[in-house]
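# Working through the structure, step by step
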Amino acid sequence: MAEFILYEQEGFVGVITINRPKALNALNSQVLEELDACLDAVDLSATRCLVLTGAGDKSFVAGADIGEMFECTKAEGEAFGKKGNDIFRKLETFPIPVIAAVNGFALGGGCEIAMSCDIRICSDNAMFGQPEVGLGITPGFGGTQRLARLVSPGMAKQLIYTARNIKAPEAYRIGLVNQVVAAEVDEAGNVVKTAQEAVVAAAKKMAAGIAAQAPIAVRNCKKAINEGLQVDMDQAIVIEEKLFGDCFETADQKAGMGNFLEKDKEKKLKVVPFQNA
Ligand code: DAK
């Protein structure tokens, strides 16, 4: 039984919660190991999209655990870095999309784990940053690489060199997040949905929209984008061609195109629902 990771299955969507709110969900070795085990246990035959969030109303993930890192030797620091990097890479290359639902702090390793996800949705009180140089270290969980690819090299360098945290609107403006949502308040001023609830609801809604598409096609899109970005355009387009071709061996392709040709979407979908195989 995991202490710091919760998993809930809602239809085709799996919700993973990093549950260490007393330490603002900081990533220690145990959190990382439990997250790794949780990913390994996801039933990919019944899950089409994941949502990753942090427990509590204050923080997504406030970084790697500074207390645990403080006494690290060079070898221990490298081992901790490898553990994190392997898991972040597992998330990034996970066969199905992963949406980060970010409320509050996403600092250091928190920003880095969010960047390992496919899509980021944050609340309007979210704060992102790579404060590592202020702690005497470089970002260690891929921050130098993913931030530069996700925003721009110049903006990544500015944020990393200055260790400056940015709020949700700026994160949205520079393309670090896909969507910003606010807490919901009724006319009398009562909170209907907290920022955390609102951001998870928005992520689940997007996840359900993804889960309603042909799952093999979605997986192949993720693979094509991820793998294509690592090579030049001539090779990238071949990756796309191969993954496109693979779709023609799926029931989804027959169902999806059949729906269009028969102009009877509802009926056809009931007869031949999108499948995982
Ligand atoms: N680690 C451990 N504990 C943390 C933490 C963290 N990153 N962030 C917060 N906490 C704990 C606090 O110690 C406090 O615990 P108690 O004192 O209650 O026991 C509790 O969470 C609440 O925090 P605060 O009392 O500080 O709450 P505030 O609202 O006053 O401040 C804050 C919130 C987020 C501004 C503040 O907690 C803060 O500045 N936290 C640190 C943020 C940060 O610098 N994050 C980046 C960490 S560095 C590597 C691999 C990876 C990395 C490095 C190397 N290798 C390759 C080896 C990654 C590095 C990082 O992520």
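For the structure itself, look to the data block above.
Figured I'd write up the structure that's included with this text. (Residues numbered from 1 in each chain as written. Predicted model: local features only at pLDDT ≥ 70, side-chain atom pairs only at ≥ 80, totals over all residues. Heavy atoms only, no water.)

So, about the overall build of the protein chain. The helix and strand inventory of the protein chain stands at 12 helices and 12 strands. Taken over C-alpha atoms, the radius of gyration comes to 20 Å for the protein chain, in line with the 19 Å a tight globule of 277 residues would show. Oriented by its inertia axes, the alpha-carbon framework of the protein chain measures out at about 65 × 55 × 40 Å. Taken across its 277 residues, the protein chain has 44% of its residues classed as buried. Look at the contacts in the protein chain between residues 6 or more apart in sequence, and 68% of them connect residues 24 or more apart. Per element, the accessible surface of the protein chain, about 14300 Å² overall, is 59% carbon and sulfur. The distance from the centre of the 29 positive side-chain charges to the centre of the 36 negative ones in the protein chain is 4 Å. (Helix = DSSP H or I, 4+ residues; strand = E, 2+ residues; numbered from the N terminus. Rg over C-alpha atoms; globule rule 2.2 N^0.38 Å. Buried < 20%, exposed > 50% of the residue type's maximum accessible area, 1.4 Å probe, protein only. Contact = heavy atoms within 4.5 Å. Areas by Shrake-Rupley, 256 points an atom, 1.4 Å probe, with all protein chains shown as cover. Lys, Arg positive; Asp, Glu negative; His and termini not counted. Charge placed at Lys NZ, Arg CZ, Asp CG, Glu CD.)

Turning our eyes to something else, we now look at the site of the ligand. Near the ligand you find 23 residues, and of these K58, A62, A64, G77 and G109 are the closest. Within the backbone of A64, a nitrogen or oxygen atom sits 2.7 Å from an oxygen atom of the ligand. Contact distances for the ligand include 3.0 Å between a nitrogen atom and a backbone N or O atom of I66. Breaking the shell around the ligand down by element, the ones donating at least two residues are α2 (66–70), α3 (74–92) and β6 (105–107). (Near = heavy atom within 4 Å. Polar contact = N/O pair within 3.5 Å; in protein donor to acceptor, adjacent residues only side chain to side chain.)

Turning to the nonpolar core, a few remarks are in order. Core analysis: the largest hydrophobic core is formed by 47 residues, its most contacted members being L52, F60, V102, I113, F128 and L176. Ranked by size, the runner-up nonpolar core spans 18 residues in total, among them V15, V181, A203 and V218. (Core = buried A, V, L, I, M, F, W, Y, C linked by side-chain atoms within 4.5 Å.)

Estimated volume of the largest pocket: approximately 910 Å³. Lining of the largest pocket is provided by 30 residues; of these, E92, D118, I225, N226 and L229 occupy positions nearest its centre. Among the secondary structure elements, those contributing two or more residues to the lining of the largest pocket are α3, β7 (119–123), α5 (143–150) and α9 (215–228). The greatest single-element share of the lining of the largest pocket, amounting to 9 residues, is contributed by α9. (1 Å grid on protein atoms, 1.4 Å probe; cavity = no way out; pocket = protein on both sides within 12 Å on 5 of 7 lines; lining within 4 Å. Points joined across faces, edges and corners; volume = space filled by probe spheres on them.)

The next subject is the pattern of salt bridges. In the structure shown here, the tally under the stated rule is 15 salt bridges. In this structure, K223 engages E227 in a salt bridge whose closest nitrogen and oxygen atoms are separated by 3.0 Å. Of the two residues, K223 and E227 both sit in helix α9, 4 residues apart, roughly one turn of that helix. The exposure class assigned to K223 is partly exposed, which follows from its relative accessible area of 40%. The exposure class of E227 is partly exposed, given its relative accessible area of 35%. The shortest N-O distance in the salt bridge between K242 and D246 comes to 3.1 Å. Linking K242 with D246, this pair stays in helix α10 (residues 233–247), spanning 4 residues, or about one helical turn. Accessibility expressed as a relative area gives 28% for D246, which makes it partly exposed. Connected via shared salt-bridge partners are D36, D40 and K90. (Salt bridge = Lys/Arg side-chain N within 4 Å of Asp/Glu carboxyl O.)

The next point concerns a nonpolar patch on the surface. On the surface, I66, L135 and I137 cluster together into a nonpolar patch covering about 260 Å² of accessible area. Here L135 shows up in the loop between β8 (127–129) and α5. Residue class for L135 comes out partly exposed when judged on its relative accessible area of 49%. (Patch = residues over 30% accessible without salt bridge, like charges linked within 9 Å, V, L, I, M, F, W, Y side chains within 5 Å.)

In summary, the side chains of a regular strand alternate between the two faces of the sheet. Bridging between strand β1 (residues 5–10) and strand β2 (residues 13–18) involves 6 bridges; their strand directions are antiparallel. When the bridges of β2 are listed, L6 appears paired with T17. (Pairing = 2+ DSSP bridges.)

Attention shifts here to α5. For α5, the set of buried residues is G143, R146 and L147. The buried residues of α5 occupy one face: seen down the axis, they fall within an arc of 95°. On its buried side, α5 packs onto α3, α4 (109–115) and α6 (153–162). (Arc of directions from axis to C-beta.)

Moving on: the pairing of strand β5 (residues 98–102). Of all 5 residues making up β5, 5 are buried, and the element is well covered by its neighbours. With burial as the criterion, each face of β5 is covered, one bearing V98, A100 and V102 and the other bearing I99 and A101. As judged from the 4 bridges shared by strand β3 (residues 49–54) and β5, these two strands associate in the parallel manner. Across the sheet, T53 pairs through a bridge with A101, a residue of β5. Pairing between β5 and β7: 4 bridges, direction parallel.

Honestly, it's all geometry; don't read function into it.
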